[in-house]
Amino acid sequence: MQRIYIQEVVTRDGFQIEDQFVPTDQKIDLINRMSSSGLDKIEVTSFVSPKAVPNLKDAKEVMEGIDRKPDVTYTTLIPNVKGAERAAECEADEVNLVASVSETHNMKNVRRKVDESFADFKNIASFLSGTGIQINGTLATTFGCPFEGSISEDKVMTLINEYLEIGAGGITLADTTGMATPKQVYQLCEKVLNRWPNLPITLHFHNTRGMGLANVIEGIRAGVVRFDASLGGLGGCPFAPGATGNICTEDLVHMLAFMDYEMKVDLDQLIDTAKHLETILQREVPGQIIKAGKITDLHSVSYL
């Protein structure tokens, strides 16, 4: 069976756009539950300005409060050297850098041109040198931009190379606004892996147009084995008109489990954790499996 790695982003990507502040102790408890479920990586938080993302103002407290398991990678998104300093203080295993392939989206997201973002990344890499903290480079709007439309594959390849030149150990190709199609995913991933066959590639899909899980299947067919997902299907890009959440972690694991892929994740525990997330938010989340149940869940029949 092929091994698939499941990487959770709910407490960063999901919580960052929630209107209500999720208390620090509830974030810590949720991360500990997810760690115990067998996830391979958890993007715990982001060291960004509290004014920009109020729900992540407790990043330091969360990072220092969680119970870490040795087989889980705990990563955090950072925007600049100050964020790198805070991540190092909290002994993050990895930092995640994000630049958009689209110039327009990058300006709306971080108010910088793409080359300005990479200039900052070089400074971050220099600061982190010798700390043991790994760098993951994410390319947002890899598969399309709601402002510019189609994205050049050649530009994606160029920016992957720029990340590798500053020392990134892994690359995430992000469908930030849910514009990817399965055919497009297969073609680009095949092209990337043909050039860098040993490069750890993560795919980060949003389910804005209902193609998220289909895109996963085509990513696997191309050779990708690492996928971001968000518990309950929370998340979404705040700068994308009509954007909805990330692909749902428990729905993803359910699909792959019944296709006989190998994962460490305990599906039942993950479903219970997704239901607990609803109690935290006091509302339903978009995930399907916690509503419909697993395909092996049978129901009793009564005859009138």
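Scroll up for the structure.
Overview of the structure. No experiment lies behind these values; they were computed from the predicted model shown.

A word on the sheet that holds strand β7 (residues 201-205)
So, point 1. The parallel closed barrel is built from eight strands, whose spatial order is β1-β2-β3-β4-β5-β6-β7-β8. Recorded for the sheet is a direction-independent mean angle of 25° between the axes of neighbouring strands.
So, point 2. Alignment of strand β6 (residues 170-175) against β7, held across five bridges, turns out to be parallel. Among the inter-strand pairings, Leu173 is bridged to a residue of β7, identified as Leu203.
So, point 3. Lying on the sheet, helix α8 (residues 182-195) is in contact with β6 and β7; it crosses β7 at an angle near 160°.
So, point 4. Against the sheet, helix α10 (residues 249-257) engages β1 (5-8) and β8 (226-229), with an angle of about 170° to β1.

Looking at the packing of helix α2 (residues 24-36) against helix α11 (residues 267-281)
So, point 1. With their axes 9 Å apart at the nearest point, α2 and α11 run at an angle of 170° to one another. The orientation of α2 with respect to α11, classified from their angle, is roughly antiparallel. Note on element contacts: α11 touches α2 through Gln269, Thr273, His276, Leu277 and Ile280, opposite Gln26, Asp29, Leu30, Arg33, Met34 and Ser36.
So, point 2. Considering only residue class, the contact of α2 with α11 consists of four nonpolar, five polar and two charged.

Here we look at the environment of Arg33
So, point 1. You can see Arg33 is positioned in helix α2.
So, point 2. Counting along the chain gives 246 residues from Arg33 to Thr279, while the straight-line C-alpha distance between them is 14 Å.
So, point 3. Those residues within four positions of Arg33 in sequence are excluded, and the remaining contacts are Gln269, Thr273 and His276.

Comments concerning the nonpolar core
So, point 1. Judged by nonpolar contacts, the single largest core of 93 residues is most densely connected at Tyr163 and Leu173.
So, point 2. With seven residues, α11 is the largest single contributor of residues to this core.
So, point 3. Not counting the four nearest positions on each side in its chain, Tyr163 is found in contact with Leu97, Val98, Ala99, Phe118, Phe121, Gly137, Thr138, Leu139, Ala168 and Ile171.

Here's the deal with the side chain of Glu18
So, point 1. Mapping Glu18 onto the fold places it in the loop between α1 (10-14) and α2.
So, point 2. Side-chain polar atoms of Glu18 contact the side chain of Arg283, separated by 2.5 Å.
So, point 3. Ignoring any residue separated from it by four or fewer positions in sequence, one finds Glu18 in contact with Asn55, Leu234, Leu281 and Arg283.

Describing unusual backbone geometry
Peptide bonds are, in most cases, trans, and in most cases residues other than glycine have a negative phi.
So, point 1. Non-glycine residue Glu91 carries a positive phi angle of around 55°.
So, point 2. As for its placement among the helices and strands, Glu91 is situated in the loop between α4 (81-89) and β4 (94-100).
So, point 3. Glu91 sits in the exposed class, given a relative accessible area of 59%.

What about the packing of helix α7 (residues 153-165) against α8?
So, point 1. Relative orientation of the contacting elements α7 and α8 amounts to 40°, with a least axis distance of 11 Å. In terms of orientation, α7 and α8 fall into the oblique class. Crossing of α7 over α8 shows right-handed handedness. Taken together, the residues of α8 that come into contact with α7 (itself represented by Glu153, Asp154, Val156, Met157, Ile160 and Asn161) are Gln187, Leu188, Lys191, Val192 and Arg195.
So, point 2. In the contact of α7 with α8, the residues fall into five nonpolar, two polar and four charged.

Cut-off values and rules
Here, residues in each chain are numbered from 1, in the same order as that chain's written sequence. Given that this is a predicted model, residues contribute local features only at a pLDDT of at least 70 and side-chain atom pairs are listed and counted only at 80 or more, while totals for whole chains, interfaces and linings are drawn from all residues. Side-chain measures here rest on the full set of heavy atoms in the structure, leaving out hydrogens and waters. Strand pairing is assigned whenever DSSP identifies at least 2 bridges connecting the two strands. The numbering of helices and of strands both runs from the N terminus, where a helix is a DSSP run of H or I of at least 4 residues and a strand a run of E of at least 2. Geometry is summarised by axes, namely lines fitted to C-alpha atoms with helices restricted to the contacting stretch, and by angles between N-to-C directions that run from 0 to 180 degrees. Residue contacts are defined here by distance: any two heavy atoms, one from each residue, within 4.5 Å place the two residues in contact. Should an angle fall under 35 degrees it is taken as roughly parallel, and over 145 as roughly antiparallel, whereas 65 to 115 is taken as roughly perpendicular and any remaining angle as oblique. Side-chain classes follow a simple rule in which Ala, Val, Leu, Ile, Met, Phe, Trp, Tyr, Cys and Pro form the nonpolar group, Asp, Glu, Lys and Arg form the charged group, and the remainder, Gly included, forms the polar group. Each nonpolar core is a collection of buried residues, namely Ala, Val, Leu, Ile, Met, Phe, Trp, Tyr and Cys, held together in the definition by side-chain atoms within 4.5 Å. Only protein chains enter the accessibility calculation, which uses a 1.4 Å probe; a residue is then buried when its area is under 20% of its type maximum, exposed when over 50%, and partly exposed in between. N or O atoms closer than or at 3.5 Å make up a polar contact, with two conditions inside protein: a donor-capable atom paired with an acceptor-capable one, and, for residues adjacent in sequence, both atoms drawn from side chains. Crossing handedness: left-handed means the near helix sits turned counterclockwise from the far one by under a right angle, and right-handed means the same turn made clockwise.

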